[in-house]
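Chains, contacts and geometry: an overview
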Amino acid sequence: LNFIDLMVRQGNIDNPPKTPLVPGFECSGIVEALGDSVKGFEIGDRVMAFVNYNAWAEVVCTPVEFVYKIPDDMNFSEAAAFPMNFVTAYMMLFEVANLREGMSVLVHSAGGGVGQAVAQLCSTIPNVTVFGTASSFKHEAIKNSVTHLFDRNADYVQEVKRISADGVDIVLDCLCGENTGKGLSLLKPLGTYILYGSSNMVTGETKSFFSFAKSWWQVEKVNPIKLYEENKVIAGFSLLNLLFKQNRGGLIKGVMDKLLNLYNSKKIKPVVDSLWALEEVKEAMQRIHDRGNIGKLILDVEKAPTPLMANDSTETSEAGEEEEDHEGDTENKERMPFIQ
């Protein structure tokens, strides 16, 4: 599961697909059949893949250019957690922002799948300082993955400037809204701001015009002349568009090769938050909605549903626009089939 799946469900994306549809954009499994002209794979191979929807299924079909063999010591859960998070993090850091030794990076949602991938990839480059924001209840679990960690509700602009008066070299923003202006204000000369999501648009259980409008109007209007004068770069990144609309599967394959080499060298490792049965997709999506996960949530077609706990609640949150701090609630009551 990815946060984009929530946005698809709510219709918070351009041209949302018509229902009925099967969600999901990445998966792992065993090859059951091959197209007539497919080379390089055999029936029985362990693989992971990108899929243009339809990944939440027992049987998935996708073009061979989006399929990659799983390393021998990587399990299926890690493989399902690997492609989107690490390719997104790698492309932003190295292809768009040109991360180099001694630079500094600010990443929001540092406890999420992409945030943890960013932190791990930054650790492969000497002397990179990582500033991260996350809910306070996640800090203990992720404090060693970033250099400086701030509460998501704190004034992180002042906190960053207190440590680094001239700001940071790279800002990775998955929140949007008012954070766009804050991120741009933190950039050093020749720094790069990259928007790769807009999770602030997802507050309540259904699509909210108020949330959408609020995020839109909070975005600082970008003046190209100001960018020129301040020597700043603003960019956007959408892996799914790159794969399925802009036909850059070959480029992504090259990135996956580099990432798998890093994995085999034990320099990176996907973080799996929890496993869920297909029947538990409602509760799993609620956990992402409440920003309760550290790393990736996986739907496992072989897993039986976890029995309800005594204090369990399957009621969905009715949080409104003024309750965006619900992710800081450590008393989550949904099912939590965590990996031990």
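Scroll up a little and you will see the structure.
Predicted model, so just to flag it, every value in this text is computed and none were measured. (Residues numbered from 1 in each chain as written. Predicted model: local features only at pLDDT ≥ 70, side-chain atom pairs only at ≥ 80, totals over all residues. Heavy atoms only, no water.)

1. A look at the packing of aromatic side chains
Threshold: Classification of ring pairs rests on two measures: the distance between centres of Phe, Tyr or Trp rings, Trp counted by its six-membered ring, which must be within 6.5 Å, and the angle between planes, read as stacked under 30 degrees, edge-to-face over 60 and tilted in between. Helix and strand labels come from DSSP, where a helix needs a run of H or I of at least four residues and a strand needs a run of E of at least two; each type is numbered from the N terminus. The buried label goes to any residue with under 20% of its type's maximum accessible area, the exposed label to any with over 50%, and the partly exposed label to all in between, with areas taken from a 1.4 Å probe on protein chains only.
What the rule picks out here adds up to seven aromatic pairs. Measuring from ring centre to ring centre gives 5.0 Å for phenylalanine 66 and phenylalanine 244, while their planes differ by 80°; the resulting arrangement is edge-to-face. Of this pair, phenylalanine 66 sits in the loop between β2 (46-50) and β3 (67-69) while phenylalanine 244 sits in helix α10 (residues 239-244), and the two are 178 residues apart along the sequence. Exposure class is identical for phenylalanine 66 and phenylalanine 244. Each is buried.

2. Quick look at the pattern of salt bridges
We count it as follows: Whenever a carboxyl oxygen of Asp or Glu lies within 4 Å of a side-chain nitrogen of Lys or Arg, that contact is scored as a salt bridge.
A complete count under the given rule lists ten salt bridges for this structure. As a salt-bridge pair, aspartate 73 and lysine 266 come within 3.5 Å of each other at their nearest N and O atoms. Separated by 193 residues along the polypeptide, aspartate 73 in the loop between β3 and α2 (76-81) and lysine 266 in the loop between α11 (249-264) and β10 (272-276) bring together distant segments of the chain. Here aspartate 73 falls in the partly exposed class, since its relative accessible area comes to 45%. Here lysine 232 ties to glutamate 230 by a salt bridge, and the two come within 3.3 Å at their closest N and O atoms. Lysine 232 gets classed as buried once you look at its relative accessible area, which sits at 15%.

3. Notes on the packing of helix α6 (residues 156-163) against helix α7 (residues 179-186)
Inclusion rule: All axes here are fitted lines through C-alpha atoms, helices being fitted over the stretch that makes contact, and every angle between N-to-C directions spans 0 to 180 degrees. Here the angle decides the label: under 35 degrees means roughly parallel, over 145 means roughly antiparallel, 65 to 115 means roughly perpendicular, and every other value means oblique. Residues are treated as being in contact if the distance between any of their heavy atoms lies within 4.5 Å. In the scheme used here, Gly and all other residues not listed as nonpolar or charged are polar, with Ala, Val, Leu, Ile, Met, Phe, Trp, Tyr, Cys and Pro taken as nonpolar and Asp, Glu, Lys and Arg as charged.
Packing of α6 against α7 brings their axes to within 10 Å, and their N-to-C directions diverge by 10°. If you check the angle between α6 and α7, you find them roughly parallel. In contact with Tyr156, Val157, Val160 and Lys161 of α6, α7 contributes Asn179, Lys182, Ser185 and Leu186. Its residues placed into classes, the contact of α6 with α7 shows four nonpolar, two polar and two charged.

4. A short note on α7
Along an α-helix, residues three or four apart share an orientation, since each turn contains 3.6 residues. Of all the eight residues making up α7, six are buried; the element is thus mostly covered by neighbouring parts of the structure. Of all the positions in α7, only Asn179, Thr180, Gly181, Gly183, Leu184 and Leu186 are classed as buried. The inward-facing, buried residues of α7 contact β4 (104-107), α6, β7 (168-173), β8 (187-195) and β9 (233-236).

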